[in-house]
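Analysis of the macromolecular model
Spelled out from the first residue to the last, the chains are:
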Amino acid sequence: MSGLPEACLWIDGADHPGRGAARCLVDPAIEAPLSPFREADADQVAQAVATASAALPRWADTLPRDRAAVLFRLADLITQDADRLARIEAVNVGKPLSQACRDVGRAADYFRFYAGACDKLNGETIPLGPDQTALTVAEPVGVTAHILPWNYPISTLARGVAPALAAGATAVAKPSELTPFSAVELARLATQAGLPDGAFNVVLGGGETGAALAGQEGVAHVTFTGSTATGRKVMQAASTPVAGVTLELGGKSPVIVLEDADLDAAAVGVLRGIFFNAGQVCAAGSRLICARGVHDALIAKLAEKARAMRLGNPLDDPDMGPLVSAAQLARVEGFVERAKAQGFTCALGGQRVDRPGFFYPPTIFTDIPPEAEIAREEVFGPVLITHLCDGAEDALRIANDNPYGLVAGVYTRSHDTALWLARRLEVGQVFVNGFLSGGDTVPFGGVKHSGIGREKGLAGLSAYLAPKSIILNHAGPT
Ligand code: NDP
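The model shown is predicted, which means the values in this text are computed figures rather than measured ones.

Looking at the packing of aromatic side chains
As enumerated under the stated definition, the model contains four aromatic pairs in all. Ring geometry for Trp150 against Phe380: centres 5.3 Å apart, planes inclined by 80°, an arrangement best described as edge-to-face. Of this pair, Trp150 sits in the loop between β7 (143-147) and α5 (153-166) while Phe380 sits in the loop between α12 (373-376) and β16 (383-389), and the two are 230 residues apart along the sequence. There is no split in this pair, since Trp150 and Phe380 are both buried. Relative to Phe435, the ring of Phe431 lies with its centre 5.5 Å away and its plane at 80°, an arrangement referred to as edge-to-face. When the ring centre of Phe359 is taken as reference, the NZ or CZ atom of Arg355 above it lies at 4.1 Å. Just above the ring of Phe444 sits the side chain of Lys456; from NZ or CZ to the centre is 4.6 Å.

Encoded structure:
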């Protein structure tokens, strides 16, 4: 008995059973089966996009203050239903209950933030001389597709769908096949909040469903979060409908700790950066680049704190739950075993926990050469590696020598050094003396292999708006 609701599709304001393959997932903490569901077939994906297309004129023409009222109401409904939604996320993903509660709160906050933006989507006027007036109107882009990963199902869904709806666009979402449960719950609440039928649809399924959605004629923009390899495929598929893409891809984010850093603060940030959500975080700080003189002291602090972390059933709110699936556990084990076979020093963990469920303990490898597989590839698990550095310039060189460029952390007491680094790090976001701080109103997204475009904050609206220029010629009185 999973206690999870039935997962189904949500099309045109009502639930529908999928007509595709049958799926049955397992609870990652105890390996017991969860409620079965059926994926969408290709016709249902097309139907969802057609429905979103049909709903577009009505939603786009809804007065900004009325659009805002619907989104504010949806935020309130999420807040009222927060305990139930958090339990769904905790059981399905395997994340500690308090972290799941935080995710649900973030989902409500995205809708509140973007509700407030509905009546502030101003255009501009462009000077062309006294006999012409040029102006832009911020029109909704059209039907938007949202292809989601499994690590933050409800908050990542809200991160994309809230600005799309605020802009007057409509949406079709495909959650990960591993985490289908919360998406339809959110869509149901949206309908309850007064969103017109068809403005927000959900289709379930795996990679094929995602590919069908991204390549569907009628889709104007695809927002994808996941691995870089899949991001490339999404980009290709989106070329069929000539849709825009926002790609929030992987990372191998560096946290630089210099000699003068507050080591206690750094230990807290590094620990949170790699072990939160069992390291299944795109912005995880998985590469610690530490000044040689303080490296061992910092590792001692990290190891002490990590050893004290409690692994357990998500509903008991431990410090760390299981990984999301057997496949993810095998992937993490694979990286660790290959690193051990190469003779790298494993200072902590490195061995699967002997209990049912997909648990993996906090693991730290020290002094890894930058070219090693485990230093370059996204493990997406609770595995930290360290590099030793000699000063800020050396740290910068190591940090930038990686194909990814999502976020970075810097710990130093010198503001000059911090800013010097922040301006030169090849990433989309830099945290100084507080890794993963800042919240969801700050633009977020990567450079290099970490993606294209920005989500969160006001910058997150631009993907869903298509400015139209209107040029008025007015020769004057005749
Ligand atoms: P994917 O990138 O494969 O999946 C992300 C989403 O894309 C899922 O909804 C997936 O469907 C869908 N998808 C898969 N193939 C296609 C396709 N050809 N066209 C359109 N959509 C598609 O991630 P995985 O779940 O397979 O995880 C693998 C690795 O990716 C992780 O170990 C991690 O390294 C990285 N990752 C990074 C994330 C991030 O936030 N940066 C998030 C998740 C994973 P479905 O899963 O249902 O098959």
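What to know about helix α9 (residues 263-275)
The end-to-end C-alpha distance of α9, which contains 13 residues, comes to 18 Å, matching closely the 18 Å that a straight helix rising 1.5 Å per residue would cover. Those residues of α9 that fall on the buried side of the exposure criterion are Leu263, Ala266, Ala267, Gly269, Val270, Leu271, Gly273, Ile274 and Phe275. Buried positions along α9 lie against β12 (254-257), β13 (287-291), α10 (292-307), β15 (363-366), β16 and β18 (407-411). Following α9 by one or two positions, Asn277 adopts a phi angle in the positive range, close to 55°.

Brief notes about the site of the ligand
Taken together, 27 residues sit near the ligand, with Leu148, Trp150, Glu177, Ser227 and Arg331 positioned nearest. Separating an oxygen atom of the ligand from a backbone N or O atom of Glu177 is a distance of 2.6 Å. Here Ser227 contributes a side-chain N or O atom positioned 2.7 Å from an oxygen atom of the ligand. Isolated, the ligand exposes 850 Å² of accessible area, and the fraction of that covered by the protein chains is 87%. Of all the secondary structure elements, the ones that give two or more residues to the shell around the ligand are α7 (207-214), β10 (219-225), α8 (228-237) and α11 (326-341). Grouping the amino acids of the shell around the ligand by side-chain chemistry returns ten nonpolar, twelve polar and five charged. Shared between two domains, the shell around the ligand takes at least three residues from each, and those domains are domain 1 (9-249 + 451-468) and domain 2 (254-439).

Observations regarding the domain arrangement of the protein
Under the domain assignment used here, the protein contains domain 1 (9-249 + 451-468) and domain 2 (254-439). Relative to domain 2, the C-alpha centre of domain 1 lies at a distance of 30 Å. Each partner contributes to the interface: domain 1 provides 26 residues, whereas domain 2 provides 28 residues. Its largest share of buried area at the contact with domain 2, domain 1 owes to Ala29, Gln99 and Trp150, together 23% of the area lost on that side. Taken together, domain 1 and domain 2 are joined by zero salt bridges. On inspection of domain 1 and its partner domain 2, the count reaches eight residue pairs in polar contact (both at pLDDT 80 or more).

What counts and what doesn't
- Residues numbered from 1 in each chain as written.
- Predicted model: local features only at pLDDT ≥ 70, side-chain atom pairs only at ≥ 80, totals over all residues.
- Heavy atoms only, no water.
- Phe/Tyr/Trp six-rings, centres within 6.5 Å; stacked < 30°, edge-to-face > 60°.
- Helix = DSSP H or I, 4+ residues; strand = E, 2+ residues; numbered from the N terminus.
- Buried < 20%, exposed > 50% of the residue type's maximum accessible area, 1.4 Å probe, protein only.
- Lys NZ or Arg CZ within 6 Å of the ring centre and 35° of its normal.
- Expected span 1.5 Å × (residues − 1).
- Contact = heavy atoms within 4.5 Å.
- Near = heavy atom within 4 Å.
- Polar contact = N/O pair within 3.5 Å; in protein donor to acceptor, adjacent residues only side chain to side chain.
- Areas by Shrake-Rupley, 256 points an atom, 1.4 Å probe, with all protein chains shown as cover.
- Nonpolar A, V, L, I, M, F, W, Y, C, P; charged D, E, K, R; others polar.
- Domains from an automatic or database assignment.
- Buried area = accessible area lost by both parts, 1.4 Å probe.
- Salt bridge = Lys/Arg side-chain N within 4 Å of Asp/Glu carboxyl O.

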